[in-house]
Amino acid sequence: MTSSTTNPPVDAVEATALTALYQAERTDQQVHMNVSLTLIAGAVAYLGLVVSQFQGLKDSRVWPLIIAVPLWMVAAFHVLLMANILTRNKSIQILEARLHAATKLGAMGVPASEIGSERGRQVMDIHVQPWPLKFQTLVTYLGIITTLLTFTYYCLWSAQDIHGWTTWLVVAVVAYSIAVVGLAAAWIKALVSLA
């Protein structure tokens, strides 16, 4: 973040435009966060429903192979939402730095890093979180991915246990393996190059 002393002055028209852009970015950011939380809640509800009915479904030749697909779709869309949130964080930081320059906060000794989204980043962004919060983030995301992988494995193992290594089971194993690699690559891209 650049300090207000290195930014050119901000006139009233620019300040108004910056404020409108900033409000739009923050609103979009909040919508994406709400959608992300809703997706996770829906996935947990789906998982609970499926687990409660799994005994009746596992004898099928098809259901055990595809029953995890909706969870993988949620995981794939969630990484897209998180990448979007990380990208918007950059935009919000730029706007906040410029808006900070339009105020007298810098002259009062309040750095731009102490207001707005920067404060939230210190809590939610794994790159700048203190270790106790990093641990919570790791527990959350490792818990989600462990649950997803374990459930998928159990579904495939059940299909193999009942019907053996059918062609469809082999196709499902390959498809889920590709999904694992794709999801890992997407998270790496989001966390490394967008943060």
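All of the points below concern the structure found in this document. The model shown is predicted, which means the values in this text are computed figures rather than measured ones.

**Some words on helix H4 (residues 117-124)**
Part 1 of the argument: Of the residues making up H4, those classed as buried are Ser117, Glu118 and Arg121. Projected down its long axis, H4 carries its buried residues within an arc of 100°, all on one side.
Part 2 of the argument: Where H4 is buried, its residues touch helix H1 (12-57) and helix H3 (69-101).

**Notes on the environment of alanine 179**
Part 1 of the argument: Along the chain, alanine 179 falls in helix H6 (residues 167-193).
Part 2 of the argument: In this structure the C-alpha to C-alpha distance between alanine 179 and isoleucine 144, which are 35 residues apart in sequence, comes to 15 Å.

**What about the packing of aromatic side chains?**
Part 1 of the argument: Evaluation of the coordinates by the stated rule reveals 5 aromatic pairs.
Part 2 of the argument: Here tryptophan 72 and tyrosine 176 contribute two aromatic rings whose centre-to-centre distance is 6.2 Å and whose plane-to-plane angle is 45°, an arrangement assigned as tilted. Of the two residues, tryptophan 72 is situated in helix H3 and tyrosine 176 in helix H6; the sequence distance between them amounts to 104 residues.
Part 3 of the argument: Note on tryptophan 72: relative accessible area 8%, which makes it buried.
Part 4 of the argument: One Lys or Arg, lysine 134, reaches over the ring of tryptophan 131 and ends 5.6 Å from the middle of that ring.

**Some points on the packing of H3 against H6**
Part 1 of the argument: Where H3 meets H6, the axes come as close as 9 Å, and the angle between the chain directions of the two elements is 15°. Relative to H6, the element H3 lies roughly parallel. As for the relative orientation of H3 and H6, their crossing is left-handed in sense. Where H3 abuts H6, its residues Val69, Trp72, Ala75, Ala76, His78, Val79, Met82, Ala83 and Leu86 lie against Tyr176, Ala179, Val180, Leu183, Ala186, Trp187, Ala190 and Leu191.
Part 2 of the argument: Its residues assigned to classes, the contact of H3 with H6 comprises 16 nonpolar, 1 polar and no charged.

**Remarks on the side chain of serine 36**
Part 1 of the argument: By the secondary structure assignment, serine 36 is in helix H1.
Part 2 of the argument: A polar side-chain atom of serine 36 sits 2.8 Å from a polar atom in the side chain of histidine 78.
Part 3 of the argument: Apart from the residues lying within four places of it in its own chain, the contact partners of serine 36 are His78, Leu81 and Met82.

Cut-offs used in this document
Per chain, the residues get numbers from 1 upward, laid out in the order the sequence is written. At least 70 in pLDDT is required for a residue's local features to be given in this predicted model, at least 80 for side-chain atom pairs to be given and counted, and no such filter applies to totals for whole chains, interfaces and linings, which use all residues. Only heavy atoms go into the side-chain values, all of them from the structure, while hydrogens and water stay out. Buried, partly exposed and exposed residues are distinguished by accessible area as a fraction of the type maximum, computed with a 1.4 Å probe on protein chains only: under 20%, between the cut-offs, and over 50%, respectively. Helix and strand labels come from DSSP, where a helix needs a run of H or I of at least four residues and a strand needs a run of E of at least two; each type is numbered from the N terminus. As used here, the arc is the angular range of directions from the helix axis to the C-beta atoms. What makes two residues a contact is simply this: any of their non-hydrogen atoms within 4.5 Å. Between 30 and 60 degrees the pair is tilted, below 30 it is stacked and above 60 it is edge-to-face, where a pair is any two Phe, Tyr or Trp rings, Trp via its six-membered ring, whose centres lie within 6.5 Å. Note on criteria: charge over ring means Lys NZ or Arg CZ within 6 Å of the ring centre, with the direction from the centre no more than 35 degrees off the ring normal. For every element, the axis is a line fit to its C-alpha atoms; helices are fit only across the contacting stretch, and the angle between N-to-C directions ranges from 0 to 180 degrees. Orientation categories follow fixed angle ranges, with anything under 35 degrees roughly parallel, anything over 145 roughly antiparallel, 65 to 115 roughly perpendicular, and all other angles oblique. Here a crossing is called left-handed whenever its near helix is offset anticlockwise from the far helix by less than a right angle, and right-handed whenever the offset is clockwise. In this classification, the charged set is Asp, Glu, Lys and Arg, the nonpolar set is Ala, Val, Leu, Ile, Met, Phe, Trp, Tyr, Cys and Pro, and all remaining amino acids, among them Gly, are polar. Pairs of N or O atoms are called polar contacts if they sit within 3.5 Å, as long as, within protein, a hydrogen donor faces a hydrogen acceptor (for residues adjacent in sequence, only side-chain-to-side-chain pairs).

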